[in-house]
Amino acid sequence: MILIDAFRHQATSCAALGSPFMARLLTLLADHWPMDSAIAHKFASFSGDIGPAGHSLPLRIAGGLHALVLTQQDPALMAVYPPHNPSDDALCDAVLGALKGHAKFLLDWVESPPQTNEVRRSAALIAGARVAVSHFPLPVHLSELGASGGLNMMWDQYALELEGKRYGPDMPVLSLTPEWRGPAPLNVIPHIANRAGVDLNPLDPQRADHLLRLTAYLWPDQPERLSLTRAAASVMTAQIDRGDAIDWLSERLLRSPQGHLHLIQHSVAWQYFPKDVQARGTALIEAAGARATAERPLAWLSMESDGDTTGGVGAAVTLRLWPGDITLMLGRADFHGRWIEWQHGGD
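Description of the structure in this document. The shown structure was predicted, so the numbers you read here are calculated from the model rather than taken from an experiment.

Taken in spatial order, the three strands make up an open sheet running S3-S2-S4, and their pairing is mixed. Two strands lie at the open edges of the sheet, namely strand S3 (165-167) and strand S4 (174-176), each paired on one side alone. Strand-to-strand twist in this sheet, taken as the mean axis angle between neighbours without regard to direction, amounts to 35°. Two elements, strand S2 (residues 158-162) and S4, share three bridges in a ladder whose sense is parallel. From the neighbouring strand, Leu160 faces S4, where its bridge partner is Leu176. Where helix H8 (residues 122-135) meets the sheet, its contacts fall on S2, S3 and S4, and the angle it forms with S2 comes to roughly 90°. Of the strands in this sheet, S2 and S4 touch helix H10 (residues 223-233), which is tilted by about 135° from S4.

Shown next as structure tokens:
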């Protein structure tokens, strides 16, 4: 995929995910990309897949531009970003000016791949964890793979608000209000006894520079996502280790405490693991499941793309449980958590 095509492809994806501003920005970049600029030469040095399944260069530069706005480094750019609604010419002029005037900042920024921590995915994790605990009513030993900044490990402090009913704590840090289709979540409340996660490049939301990276990749015309991320970051206390997810999980499985349900979770992370890592992880979890007992059960909660482009959209939400090797298809969820189609009967 050439860069201009990557911009257009990403623009289409952003439009489908409810961000007309990002679609507009990326289309303008496709039409007016400064081929002789420092950032263009930098991008030309990347090899392999530059699209969303690879280096994701369009989102890298879009995130860098948003970071300039969030840190108030470029007043001209701030004047054309949401909530403002400038002409295409004004937006294009400001963006091209930023690419030139902040070349050093942007060259540094795009060295790292995009990293987000979409808090609204916790809606599916909250509902899925309730199903797991309904099978094994024990305190939860929570492990997250591809945890990023760990915000989706804190779901017990968030509430689901559905048709006037709250699922979660009485005083939640934030409330999630997806369009919910299907049976209501179960009325069981998981208790997380301990939690930890792993990521190749973990971020600490308590650090201003790390929080900037998390928020810059949120789309400028979706302020709700920004508010939710900042609220979640204010209570993030879980440990996140840097390392290979499967090596880390191997050690953590050995430390699963008696009398706890070990719940492994990941959302829109597993699909980016190399195929050999996925195979190694599946074998590891299934072997641990074969050893599970009613006093030390295991659950694997997943919200990932399953390649279904005909029978549905979004990510599949699945749950595997041991002992018994039970597999439940819980439903589907929008990648940004805007809607959930739930299939597991509530009460």
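This part takes up the environment of Ile240. The topology assignment puts Ile240 in strand S7 (residues 239-242). Separated by 167 residues in the primary sequence, Ile240 and Gln73 have C-alpha atoms spaced 31 Å apart. Every residue in contact with Ile240, bar those within four places of it in the chain, is listed here: Ala147, Ser148, Gly149, Gly150, Met153, Gly197, Val198, Asp199, Pro202 and Leu203.

Another point: the pairing of strand S12 (residues 339-342). Pairing analysis gives three bridges linking strand S5 (residues 179-181) to S12, with the strands arranged parallel. For Glu179, the partnering residue across the bridge sits in S12 and is Trp339. For strand S11 (residues 326-333) and S12, the ladder comprises three bridges, and the chain directions are antiparallel. By the bridge assignment for S12, Arg332 is matched with Glu341. Connecting S11 to the next strand, S12, in antiparallel fashion are five residues, including Gly337 with a positive phi near 75°.

Spanning 14 residues, helix H4 (residues 57-70) covers 20 Å between terminal C-alpha atoms, matching the ideal 20 Å at 1.5 Å per step. Of all 14 residues in H4, 13 are buried, a share of seventy percent or more.

This paragraph deals with the pattern of salt bridges. For the structure shown, the criterion picks out 18 salt bridges. With its nearest N and O atoms 2.7 Å apart, the salt bridge here joins Arg181 to Glu341. Placement of Arg181 in strand S5 and of Glu341 in strand S12 is noted, with a sequence separation of 160 residues between them. With relative accessibility at 33%, the residue Glu341 sits in the partly exposed group. Here Asp247 ties to Arg280 by a salt bridge, and the two come within 3.0 Å at their closest N and O atoms. In this pair, Asp247 is assigned in helix H11 (residues 245-254) and Arg280 in helix H12 (residues 275-291), connecting sequence segments 33 residues apart. The exposure class assigned to Arg280 is partly exposed, which follows from its relative accessible area of 36%. Because the salt bridges share partners, they merge into one network encompassing Glu118, Arg120, Glu224 and Arg225.

A few words on the environment of Asn85. For Asn85, the position within the fold is in the loop between helix H5 (75-78) and helix H6 (88-101). Distance in space between the C-alpha atoms of Asn85 and Leu107 is 27 Å, their sequence separation being 22 residues.

The next subject is unusual backbone geometry. Residue Pro82 is joined to Pro83 through a cis peptide bond whose omega torsion reads 15°. Here Pro83 is to be found in the loop between H5 and H6. Cis geometry is found at the peptide bond from Trp322 to Pro323, where omega equals 5°. Relative to the helices and strands, Pro323 resides in the loop between strand S10 (315-322) and S11. Positive phi is not limited to glycine here, since Glu163 has a value of about 50°. Residue classification places Glu163 among the exposed positions, given a relative accessible area of 84%. Its identity is not glycine, yet Asp325 carries a phi of approximately 45°, on the positive side. Along the chain, the position of Asp325 falls in the loop between S10 and S11.

Calculation notes
Residues numbered from 1 in each chain as written. Predicted model: local features only at pLDDT ≥ 70, side-chain atom pairs only at ≥ 80, totals over all residues. Heavy atoms only, no water. Pairing = 2+ DSSP bridges. Helix = DSSP H or I, 4+ residues; strand = E, 2+ residues; numbered from the N terminus. Axes fitted to C-alpha atoms, helices over the stretch in contact; angles between N-to-C directions. Contact = heavy atoms within 4.5 Å. Expected span 1.5 Å × (residues − 1). Buried < 20%, exposed > 50% of the residue type's maximum accessible area, 1.4 Å probe, protein only. Salt bridge = Lys/Arg side-chain N within 4 Å of Asp/Glu carboxyl O.

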